[in-house]
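Chains, contacts and geometry: an overview
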Amino acid sequence: MPRSKRDKKVSLTKTDRKGLAWKQRIIDDIRFCVEKYPNIFVFQVQNMRNNLLKDLRQEWKQNSRFIFGKNRIMQIGLGRTKAEEVEKGIHKLSKRLTGQVGLLFTEKSKEEVLKWADKYWAVEYARSGFTATETVTLPAGPLEEFAHSMEPHLRSLGLPTKLEKGIVTLYSDYTVCEKGKVLTPEQARILKLLGKPMAKFRLTMKCSWTKADGFQLHVKDDEQEPNKETDTPMEEDEDEEEEEEEEDDDNADEDIDEE
């Protein structure tokens with residue numbers, strides 16, 4: 001009997017990694033932006049959300065460009081030392097590309113960008129690991145905002161629920177979270193279902209480099225500028241560790257400079 005064509009084993013574990021061509025494109029984009037835009041900022045993200053970053057890109061696309069990706073790749077694009085830097089003094093930006101940060105290239109003035117960043121924020125739902133900003137308690141009784149089909153899911157999250165005449169009902173008071181305590185994944189999901197955002201998406205401008213004024217630090221850090229004798233590239237081991245940590249962050253890879 002001939003073998004069925006439907007009987008095929010398909011491996012779902014093999015994925016395509018972003019290769020050298022993709023990395024080179026990001027480096028080329030950064031160097032192109034250095035030439036095109038007069039002002040560059042290193043911004044730090046609090047409570048990163050891809051959808052909000054995409055909205056900012058759309059809002060600023062006329063005279064600015066956001067790039068958010070692997071720190072090591074962005075460092076290479078700018079130049080990690082005086083010998084490698086693409087513009088005088090720009091390697092100082094590269095040294096501040098640590099943690100969850102990105103680059104903003106813009107034609108807007110430094111004062112305008114700093115004023116905007118100081119006032120800009122957007123409310124978002126907290127994720128696990130976030131420290132609760134308030135105590136949320138649900139009294140016993142019906143939860144009419146939820147359909148009856150949601151009851152098993154709510155119960156799996158830890159809520160003491162049951163169905164009474166087809167209505168999801170709490171049979172005892174329940175404290176979802178307490179102010180000052182770290183949220184668990186279940187608590188974060190419950191708060192989202194209840195429509196209670198606690199986090200704020202913000203951008204903090206760490207430092208800037210302009211063609212007119214050079215480098216300027218806007219947030220104090222522990223980075224010490226090396227002298228000429230010690231001005232050497234970063235160690236490969238440190239870069240590799242940083243890259244491995246960033247690979248675990250879903251947001252760093254998914255939303256890199258889409259236009």
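Residues numbered from 1 in each chain as written. Predicted model: local features only at pLDDT ≥ 70, side-chain atom pairs only at ≥ 80, totals over all residues. Heavy atoms only, no water.

Most of strand β1 (residues 39-46) is tucked away: six of the eight residues are buried. By the bridge criterion, six bridges tie β1 to strand β3 (residues 101-106) in an arrangement that is antiparallel. Each bridged residue has a counterpart across the sheet, and for F41 the counterpart in β3 is L104. (Buried < 20%, exposed > 50% of the residue type's maximum accessible area, 1.4 Å probe, protein only. Helix = DSSP H or I, 4+ residues; strand = E, 2+ residues; numbered from the N terminus. Pairing = 2+ DSSP bridges.)

Before going further, it helps to spend a moment on the pattern of salt bridges. In total, this model carries eight salt bridges according to the counting rule given. Between R80 and E84 there is a salt bridge; the shortest N-O distance is 3.6 Å. For D213, the salt bridge is made with K110, and the minimal N-O distance between the two is 3.7 Å. You can see D213 sitting in the loop between β10 (199-210) and β11 (214-217) and its partner K110 sitting in helix α5 (residues 110-119), a full 103 residues away along the chain. A relative accessible area of 57% places D213 in the exposed class. A relative accessible area of 10% places K110 in the buried class. Members of the salt-bridge network, linked through shared partners, are R25, D29 and R65. (Salt bridge = Lys/Arg side-chain N within 4 Å of Asp/Glu carboxyl O.)

I30, I40, L78, L93, L103 and F105 are the most contacted members of the largest nonpolar core, which totals 21 residues. Looking at this core, the elements with two or more residues in it are α1 (20-36), β1, α3 (71-78), β3 and β10. At six residues, the largest contribution of residues to this core is made by α1. I40 has contacts with V34, I90, L93, L103, L104, F105, C207, S208 and W209, leaving out every residue within four places of it along the chain. Membership of the second largest hydrophobic core comes to 20 residues, among which are F130, L154, V168 and M198. (Core = buried A, V, L, I, M, F, W, Y, C linked by side-chain atoms within 4.5 Å. Contact = heavy atoms within 4.5 Å.)

The next thing to look at is the sheet that holds strand β6 (residues 141-142). On the basis of which strands lie adjacent, the open sheet formed by three strands has the order β6-β8-β7 and antiparallel pairing. Edge positions in the open sheet fall to β6 and β7 (161-164), since each of these has one partner strand only. Here two bridges tie β6 to strand β8 (residues 167-170), and the two strands are oriented antiparallel to one another. Among the inter-strand pairings, P142 is bridged to a residue of β8, identified as T169.

Attention now moves to helix α7 (residues 185-194). Note that an α-helix has 3.6 residues per turn; residues three or four places apart therefore point the same way. Taken as a whole, α7 has its buried residues at Q187, A188, I190, L191 and L194. The buried residues of α7 occupy an angular sector of 160° when the element is viewed end-on, so they sit on one face. Looking one or two places after α7, you find G195, whose phi comes out positive at around 70°. (Arc of directions from axis to C-beta.)

By the bridge criterion, four bridges tie β7 to β8 in an arrangement that is antiparallel. Paired with T161 across the two strands is L170, which belongs to β8. As consecutive antiparallel partners, β7 and β8 are separated by two residues, and within that stretch K165 has a phi angle of approximately 55°, a positive value.

As a further point, take unusual backbone geometry. One non-glycine residue, N47, lies in positive phi territory at about 55°. Position of N47 relative to the elements: it lies in the loop between β1 and α2 (50-60). Taking the relative accessible area as the measure of exposure, N47 reaches 24% and is therefore partly exposed. A positive phi is found at K165, a non-glycine position, where the angle reads about 55°. Locating K165 in the fold gives a position in the loop between β7 and β8.

With respect to the helices and strands, L104 occurs in strand β3. With a relative accessible area of 0%, L104 lands in the buried category. C-alpha separation for the pair L104 and V42, spaced 62 residues apart in sequence, amounts to 6.4 Å. With residues up to four places along the chain from it excluded, the contact list for L104 reads N39, I40, F41, F43, W60, S64, R65, F66, V113 and M205.

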